[in-house]
Amino acid sequence: MKNKDIIPSRLAAFCIAMAAALILASSSGRKEVRAETKELWAVLAQEPGDTYESSQKLGLPVCTKVKLTKNTIVIYGTIRDNDSEKTGKSAKHTYRLAENVTFAAEGGTAPEQKMTKKKFRAYLKKVKDSGLGLILELKENQVVRVSVSS
């Protein structure tokens, strides 16, 4: 066998080994576990108002009200999914909070500022018409991180 024939035969052996491993893994009865992470966002703006109108003209999702309860976050308005880039209809959107949810403000050159739920609730009142972004990170259908970002 010539040296130039060795590389293709090694590649073929590798491909056969990988295919066999995939077949064995899929027939082992174990389900594939995937930690699905999803990111949703909206612009914080009050209706009527300049920030609201500008965001609407640009086709951005707009959140007009946010309520934090013990176990949920409720968002009134439209929300965009980062993966699909689709904006949902204007509605009341309710999401379950994970036990270890993180609340933060971030953006610009300042470091991330983590907050308690109580402080974050007060912060949301201050920035409700700011045009800043409200970002929700969901993992396994629960919100694990809520942030306001510039």
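Residues numbered from 1 in each chain as written. Predicted model: local features only at pLDDT ≥ 70, side-chain atom pairs only at ≥ 80, totals over all residues. Heavy atoms only, no water.

## Some points on empty space enclosed by the protein
- Applying the stated criterion across every chain, the model contains one cavity of 30 Å³ or more.
- When its volume is computed, the largest cavity comes out at roughly 30 Å³.
- Together, Leu40, Trp41, Ala42, Cys63, Ile75, Ile79, Leu134 and Leu136 line the largest cavity.
- Here the element with the most residues in the lining of the largest cavity is strand E1 (residues 37-44); it accounts for three residues. (1 Å grid on protein atoms, 1.4 Å probe; cavity = no way out; pocket = protein on both sides within 12 Å on 5 of 7 lines; lining within 4 Å. Points joined across faces, edges and corners; volume = space filled by probe spheres on them. Helix = DSSP H or I, 4+ residues; strand = E, 2+ residues; numbered from the N terminus.)

## Here's the deal with the layout of surface pockets
- The computed volume of the largest pocket comes to approximately 200 Å³.
- Around the largest pocket sit Leu44, Gln46, Cys63, Thr64, Lys65, Val66, Lys67, Leu68, Arg121, Leu124, Lys125 and Lys128, which together line it.
- Secondary structure elements with two or more residues in the lining of the largest pocket: strand E2 (62-68) and helix H3 (117-126).
- Looking at side-chain class alone, the lining of the largest pocket contains five nonpolar, two polar and five charged residues. (Nonpolar A, V, L, I, M, F, W, Y, C, P; charged D, E, K, R; others polar.)

## Focus: the packing of aromatic side chains
- Enumeration over the complete set of coordinates arrives at two aromatic pairs.
- Aromatic side chains phenylalanine 103 and phenylalanine 120 sit 5.2 Å apart centroid to centroid with 35° between the ring planes, which places their arrangement in the tilted category. In this pair, phenylalanine 103 is assigned in strand E5 (residues 91-107) and phenylalanine 120 in helix H3, connecting sequence segments 17 residues apart. With respect to burial, phenylalanine 103 and phenylalanine 120 carry one shared label: buried.
- Note on phenylalanine 120 and tyrosine 123: the rings are 6.4 Å apart at their centroids and 45° apart in plane angle, and the pair reads as tilted. Taken together, the positions of phenylalanine 120 and tyrosine 123, both in helix H3 and three residues apart, correspond to about one turn of that helix. (Phe/Tyr/Trp six-rings, centres within 6.5 Å; stacked < 30°, edge-to-face > 60°. Buried < 20%, exposed > 50% of the residue type's maximum accessible area, 1.4 Å probe, protein only.)

## Side note on the nonpolar core
- If you look at the biggest cluster of nonpolar residues, it comprises 23 residues, and the most contacted ones within it are Ile73, Tyr95, Leu136, Val143 and Val146.
- Of all the secondary-structure elements, those providing two or more residues to this core are E1, E2, strand E3 (72-77), E5, H3, strand E7 (133-139) and strand E8 (142-149). (Core = buried A, V, L, I, M, F, W, Y, C linked by side-chain atoms within 4.5 Å.)

## Some remarks on a negative patch on the surface
- A surface patch of negative charge is lined by Glu47, Asp50, Glu53 and Asp129.
- Topologically, glutamate 53 is positioned in helix H2 (residues 50-57). (Patch = residues over 30% accessible without salt bridge, like charges linked within 9 Å, V, L, I, M, F, W, Y side chains within 5 Å. Areas by Shrake-Rupley, 256 points an atom, 1.4 Å probe, with all protein chains shown as cover. Salt bridge = Lys/Arg side-chain N within 4 Å of Asp/Glu carboxyl O. Lys, Arg positive; Asp, Glu negative; His and termini not counted. Charge placed at Lys NZ, Arg CZ, Asp CG, Glu CD.)

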